[in-house]
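Breakdown of the fold
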Amino acid sequence: MKMLFYAAKTYDKKSFDPELSDFPDIEIEYIEHELDPRSALLAKGYEAVCAFVSADVGEKTLQVLKDAGVKAVLMRCAGFNNVDAKKAEELGIAVKRVPAYSPEAVSELAMALALAVNRRLYKAYNKVRENDYSLKNLRGVNMRGKTAGIVGTGKIGAYMCEQCRGFGMKVIAYDLYENESLKDYVTYVTLDELFERSDLISLHCPLLDSTYHMINIDTIKKMKDGVILVNTSRGALISTNDLIEGIRMNKFLGVGLDVYEEETGNVYEDRSDDIMEHSVTSRLLSFPNVMITSHQGFYTMEALSAIARTTLQNFMDVINGKHTQNDIY
Ligand code: NAI
């Protein structure tokens, strides 16, 4: 059984190849191209394709895959907002994902971003390298005693709650479905109350029509001055233009983003020699209180092996006609 692995990086090969010994029927061909309507043509002769967060798994791509005889799209990630699930179902292409691989990996990065922007670690690191030992512009706040507002208390958000509690913070949360296992120390509030009360706001809900631009100028205005905002979920939860307006209003002590609206095209690419015309991201990066990482929340050894094992098992399940909780429809 053959899988065409799109947008392959060296680390993908390093995490998938060792797992293949437990899946002797699977053969993987790695290619660097991103999956899109044109590169989908390459999948002729493969039972499955494996894709990642920045792939275009829209209507056109799915149609080309169907015509090429592909039976399954295996997403090696949790989010699947880039997949047209309705079209896939209509065409009878199975789509599976890896709903949980290492939620701790993402929540730990969220906390790292919160701490880094609070204490301006990115500036401190560069200052000391330049023999500048002054404390200018490095003052932060204590986390202990502050209020953390967690939006979405699923797998990742739950760990973020636990971490915030570990830092001695009060933890409040908003979710459509309350997580009973957190209620010893998490108080659920309305989204408005969360915006109004939190010193740290961390986003851990999926990107849906209902959550698109949930952080916009109206919600930013409800936040406390000096709030820290962290997004490790999906870029379009935040309106970048409104965020820039909010930063200019001096609303934020710090903003830490592992995901942002313009990331497609950037993610995992070295664009250091490119001139970024019209880039709203460059404008964001011009602020001293913003730190952006490039979708690296998942990037730990434990998470990579879990992703590889689950993706290969998903392939076996498709071949064996087995439906599991990893199906996206
Ligand atoms: P999950 O499905 O376990 O939890 C999501 C939670 O959000 C659920 O409890 C759900 O009820 C809640 N939710 C849904 N709609 C909501 C709304 N309108 N308002 C508030 N809460 C709402 O998902 P998990 O594994 O915790 O992942 C969260 C997000 O993190 C994913 O959707 C994905 O976009 C992102 N992610 C980012 C990664 C990275 O590398 N930066 C890696 C993995 C996931």
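Worth saying up front: this structure is predicted, and the values here are computed from it rather than measured. (Residues numbered from 1 in each chain as written. Predicted model: local features only at pLDDT ≥ 70, side-chain atom pairs only at ≥ 80, totals over all residues. Heavy atoms only, no water.)

1. Quick word on the side chain of T293
Mapped onto the secondary structure, T293 falls in the loop between β12 (290–292) and α11 (301–319). Judged by its relative accessible area of 12%, T293 is buried. There is a polar contact of 2.6 Å between the side chain of T293 and the side chain of D258. (Helix = DSSP H or I, 4+ residues; strand = E, 2+ residues; numbered from the N terminus. Buried < 20%, exposed > 50% of the residue type's maximum accessible area, 1.4 Å probe, protein only. Polar contact = N/O pair within 3.5 Å; in protein donor to acceptor, adjacent residues only side chain to side chain.)

2. Comments concerning the domain arrangement of the chain
When the parts of a complex come together, some accessible area is lost, and that lost area is often taken as the interface size. In terms of domains, the chain is made up of domain 1 (2–101 + 300–319) and domain 2 (103–292). One C-alpha centre belongs to domain 1, the other to domain 2; they are set 30 Å apart. Listed as interface residues are 12 residues of domain 1 and, on the opposing side, nine residues of domain 2. In this assembly, domain 1 packs against domain 2 so that about 870 Å² is buried in total across both faces, 62% of it on carbon and sulfur atoms. Of all residues in domain 1, K9, S54 and N81 give up the largest surface area on contact with domain 2, accounting jointly for 42% of the area buried on that side. (Domains from an automatic or database assignment. Contact = heavy atoms within 4.5 Å. Buried area = accessible area lost by both parts, 1.4 Å probe.)

3. Some words on the packing of helix α4 (residues 103–118) against helix α6 (residues 155–166)
A packed helix pair is summarised by two numbers, namely the angle formed by the two axes and the spacing between the axes. At a minimum axis distance of 8 Å, the contact between α4 and α6 shows a crossing angle of 50°. Here α6 runs oblique to α4, going by the angle between their axes. The crossing of α4 and α6 is right-handed. Contacts between α4 and α6 pair P103, E104, V106, S107, E108, A110 and M111 from the former with K155, I156, Y159, M160, Q163 and C164 from the latter. Looking at the contact of α4 with α6 residue by residue, the class counts come to eight nonpolar, two polar and three charged. (Axes fitted to C-alpha atoms, helices over the stretch in contact; angles between N-to-C directions. Parallel < 35°, antiparallel > 145°, perpendicular 65-115°, else oblique. Left-handed = near helix turned anticlockwise from the far one by under 90°. Nonpolar A, V, L, I, M, F, W, Y, C, P; charged D, E, K, R; others polar.)

4. What about the pairing of strand β6 (residues 147–151)?
The element β6 is extensively covered by neighbouring structure, given that five of its five residues are classed as buried. With five bridges connecting them, β6 and strand β7 (residues 170–174) associate as parallel partners. The partner of V151 across the bridge, within β7, is Y174. For the crossover that starts at β6, traverses α6 and ends in the parallel β7, the hand is right-handed. Inspection of the sheet shows β6 paired to strand β9 (residues 200–203) by four bridges, in the parallel sense. By the bridge assignment for β9, V151 is matched with L203. (Pairing = 2+ DSSP bridges. Right-handed = clockwise from strand over helix to strand, strands pointing away.)

5. Comments concerning empty space enclosed by the protein
Scanning the entire structure with this criterion turns up one cavity of 30 Å³ or more. Reported here for the largest cavity is a volume of approximately 40 Å³. Forming the walls of the largest cavity are N231, G235, I238, T240, L243, L257, V259, Y260, E261 and L284. Taken together, the residues of the lining of the largest cavity sort by class into six nonpolar, three polar and one charged. (1 Å grid on protein atoms, 1.4 Å probe; cavity = no way out; pocket = protein on both sides within 12 Å on 5 of 7 lines; lining within 4 Å. Points joined across faces, edges and corners; volume = space filled by probe spheres on them.)

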